[in-house]
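Spelled out from the first residue to the last, the chains are:
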Amino acid sequence: MKLSKCFKEKLEKKVQIIFIVITFLLVLGGIKVSRNNDDNLISNIRATTTKLDGSISSISELEAHAKVEGGYNYFIALKNNGKVSAWGYNGYGNLSIGSKNSVLEPTDVIDENGNKITNAIDVAAGYNHSLVLRNDGTVWASGYNREGQLGNGTTTDVESFSPVLIGEGKILSGVIAITANYASSYALTEDGYVYSWGDNLYGQLGIGNTIDTYYATKIQNINDTFSQSFHIQALCILIYIR
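Residues numbered from 1 in each chain as written. Predicted model: local features only at pLDDT ≥ 70, side-chain atom pairs only at ≥ 80, totals over all residues. Heavy atoms only, no water.

1. Concerning the pattern of salt bridges
- In total, this model carries four salt bridges according to the counting rule given.
- Between Lys-67 and Asp-122 there is a salt bridge whose closest N-O contact spans 2.7 Å. Linking Lys-67 in strand 4 (residues 65–70) with Asp-122 in strand 8 (residues 120–125), this pair joins segments that are 55 residues apart in sequence.
- Classification of Lys-67 by relative accessible area gives partly exposed; the value is 26%. (Salt bridge = Lys/Arg side-chain N within 4 Å of Asp/Glu carboxyl O. Helix = DSSP H or I, 4+ residues; strand = E, 2+ residues; numbered from the N terminus. Buried < 20%, exposed > 50% of the residue type's maximum accessible area, 1.4 Å probe, protein only.)

2. Some points on the packing of aromatic side chains
- Under the defined criterion, the tally for this structure stands at six aromatic pairs.
- Residues Tyr-89 and Tyr-92 carry aromatic rings whose centres are separated by 6.4 Å and whose planes lie at 70 degrees to one another, so their mutual orientation is edge-to-face.
- Using a relative accessible area of 30% as the deciding quantity, one classes Tyr-89 as partly exposed.
- Between Tyr-92 and Tyr-144, the aromatic rings sit 4.7 Å apart at their centres with planes inclined by 80 degrees, giving edge-to-face as the arrangement. Of the two residues, Tyr-92 sits in the loop between strand 6 (84–88) and strand 7 (103–108) while Tyr-144 sits in the loop between strand 10 (139–143) and strand 11 (158–163), which places them 52 residues apart along the sequence.
- Site record: aromatic cluster; members linked through ring pairs are Tyr-72, Tyr-89, Tyr-92, Tyr-127, Tyr-144 and Tyr-182.
- Lying over the aromatic face of Trp-140, Arg-134 brings its terminal NZ or CZ to 4.7 Å of the ring centre.
- When the ring centre of Tyr-193 is taken as origin, the NZ or CZ atom of Lys-218, which lies over that ring, is 4.3 Å away. (Phe/Tyr/Trp six-rings, centres within 6.5 Å; stacked < 30°, edge-to-face > 60°. Lys NZ or Arg CZ within 6 Å of the ring centre and 35° of its normal.)

3. Description of the environment of Arg-146
- The residue Arg-146 is located in the loop between strand 10 and strand 11 in this model.
- With a relative accessible area of 43%, Arg-146 lands in the partly exposed category.
- Taking the C-alpha atoms as reference points, Arg-146 and Asp-212, 66 residues apart in sequence, are found 9.9 Å from one another.
- Sequence-distant contacts of Arg-146, that is, excluding residues within four places in its chain, are made with Tyr-92, Thr-155 and Asp-157.
- At 3.2 Å, the side chain of Arg-146 and the side chain of Asp-157 are in polar contact. (Contact = heavy atoms within 4.5 Å. Polar contact = N/O pair within 3.5 Å; in protein donor to acceptor, adjacent residues only side chain to side chain.)

4. Here we look at the environment of Lys-79
- Turning to its location among the elements, Lys-79 is positioned in strand 5 (residues 74–79).
- Take Lys-79: its relative accessible area is 13%, and that puts it in the buried class.

5. Observations concerning the sheet that holds strand 14 (residues 175–180)
- Ordered by their spatial adjacency, four strands build an open sheet running 14-15-16-17, and the pairing between neighbours is antiparallel. Two strands bound the open sheet, and with one partner strand each, they are strand 14 and strand 17 (213–218). Strand-to-strand, the axes of this sheet are offset by a mean angle of 15 degrees, without reference to chain direction.
- Across five bridges, strand 15 (residues 184–189) lies against strand 16 (residues 194–198) in antiparallel orientation. Its bridge partner lying in strand 16, Ala-187 is registered against Tyr-195. (Pairing = 2+ DSSP bridges. Axes fitted to C-alpha atoms, helices over the stretch in contact; angles between N-to-C directions.)

6. Topic: the sheet that holds strand 9 (residues 129–134)
- In space, the four strands of this open sheet follow the order 8-9-10-11, with antiparallel pairing throughout. Every other strand in the sheet has two partners, leaving strand 8 and strand 11 as the edge strands with one partner each. For this sheet, the mean inter-axis angle between neighbouring strands, taken without regard to orientation, is 15 degrees.
- When strand 8 meets strand 9, the two strands line up antiparallel, connected through five bridges.

In C-alpha cells form, the structure reads like this:
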C-alpha cells in the first residue's frame, strides 16, 4: 500500500510524539528504552528493567502486562495470559477484589461468583469504576455506580465484577473494545455499534438527551461505517510502520 507524502509526514510526527510519551512513562517506571532511528520511525524498542537486587533483566523475562489503566489513585492491569490484577485505592470496590479495602500491591480481581478473571482481553478505568472485556464478548464492571456507570440497571456500588446489561436480565455481548470516562462507560461491538451508559450530564453518552442511563444503550447515529473506518485507518498505520 503506497501512502501519500503528506500522510507519511503527519504519521511520522504522531509516531515521534507517541514514542516520546511512552519513553517518558517507562523512564518514570524505571525502564530504559532505546530506539533505532530508521526512517524516523520506531523500528526496534528494547527495554530492560532493574530487579530489586539491582541486576538488569530483559523485560520479556518478566510476566508482561498487556495493558495498564489508571483511575483515581488506583490501577488495573491486563496480563498477556488473560488474568487481571489491580491495586491502590478501593473505596468503592473499583479494584473488584470482593471488598472495599485498598491494597498496596497487584491483587487478582474476581467476578461476582468469586472466580478470578482469567479470560480478559481488555480493561478500562474510569474515576472510580473499572471495566473488563472477556473473550466471550461480554463486559463486566465494578466500583462506583451512583450514575449507573456499571451498566447493571442499578445505582448500587459493586465490589466484584458483574456483567453489563442492555436490559433486565439481558447481557451486552459481541463487544470488541471498551473505554471509560469519568463516570460513564462505552463499548464497541463487532457489528460496528457503540453502546454507552452512566453519567450523561453534558450529553456525553450521545443518546440525544442528558439523562443518565443504567443500562448499556446503543448510540443510534453510529453504525458499522465507524467500525470499518476505524479498522482501515489502524491497518494503514500498522502497514506503514512495519
